[in-house]
Amino acid sequence: MGPTAIAAHKLDFGRQLVVLGMGIDIKTSGISCWPSADKVTKWTRKIELALMAGKLSPGEASKLSGALMWATQAIFKRLGRAMLRPIINQSHCNSSAVNGELRLALRWWSEVLNMGLRCVFECAHD
């Protein structure tokens, strides 16, 4: 990101930053990353609405799978890729009905997002 990427006044409040929806905590031992609280709230709200209504339109499924794919790649070290497949399949479906496989995937993602998992990258010390 470089020395000019973040204004100096934004670093006055501690080691934690939120950049593009990703929380970052910088320590001498390394960094940890997690989805920002607003992203988790947004994604879990969409998931809960789909579960309650029993409907997830292909367009909403596409948006949700894109967001969760980003989280899977950037934060969770690819954890949950298998649970993206039913959501991706829904984005190509002609129906908005939530089937059993999709319901399971949505419940899984809701639980995982609410667990507050963090990806930790440790620095090697010689």
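A brief structural summary.

This paragraph deals with the packing of aromatic side chains. Applying the stated rule across the entire model yields one aromatic pair. Centroid distance W108 to W109: 5.1 Å. Interplanar angle 90°. Geometry classified as edge-to-face. Overall, W109 belongs to the buried group, its relative accessible area being 0%.

This paragraph deals with the side chain of S36. With respect to the helices, strands and loops of the structure, S36 is situated in the loop between β3 (30-35) and α1 (37-53). Take S36: its relative accessible area is 4%, and that puts it in the buried class. Beyond its immediate sequence surroundings of up to four residues, S36 is in contact with V18, G21, M22 and G23.

Helix α4 (residues 100-114) packs onto α1 with a crossing angle of 150° between their chain directions and a minimal axis gap of 10 Å. Here α4 runs roughly antiparallel to α1, going by the angle between their axes. For the element pair α1 and α4, the recorded crossing hand is left-handed. Contacts between α1 and α4 pair V40, W43, T44, I47, E48, A50 and L51 from the former with R103, L106, R107, W109, S110, L113 and N114 from the latter. Residues belonging to the contact of α1 with α4 are distributed by class as follows: eight nonpolar, three polar and three charged.

Definitions and cut-offs
- Residues numbered from 1 in each chain as written.
- Predicted model: local features only at pLDDT ≥ 70, side-chain atom pairs only at ≥ 80, totals over all residues.
- Heavy atoms only, no water.
- Phe/Tyr/Trp six-rings, centres within 6.5 Å; stacked < 30°, edge-to-face > 60°.
- Buried < 20%, exposed > 50% of the residue type's maximum accessible area, 1.4 Å probe, protein only.
- Helix = DSSP H or I, 4+ residues; strand = E, 2+ residues; numbered from the N terminus.
- Contact = heavy atoms within 4.5 Å.
- Axes fitted to C-alpha atoms, helices over the stretch in contact; angles between N-to-C directions.
- Parallel < 35°, antiparallel > 145°, perpendicular 65-115°, else oblique.
- Left-handed = near helix turned anticlockwise from the far one by under 90°.
- Nonpolar A, V, L, I, M, F, W, Y, C, P; charged D, E, K, R; others polar.

Treat this as a map of the structure, not an account of what it does.
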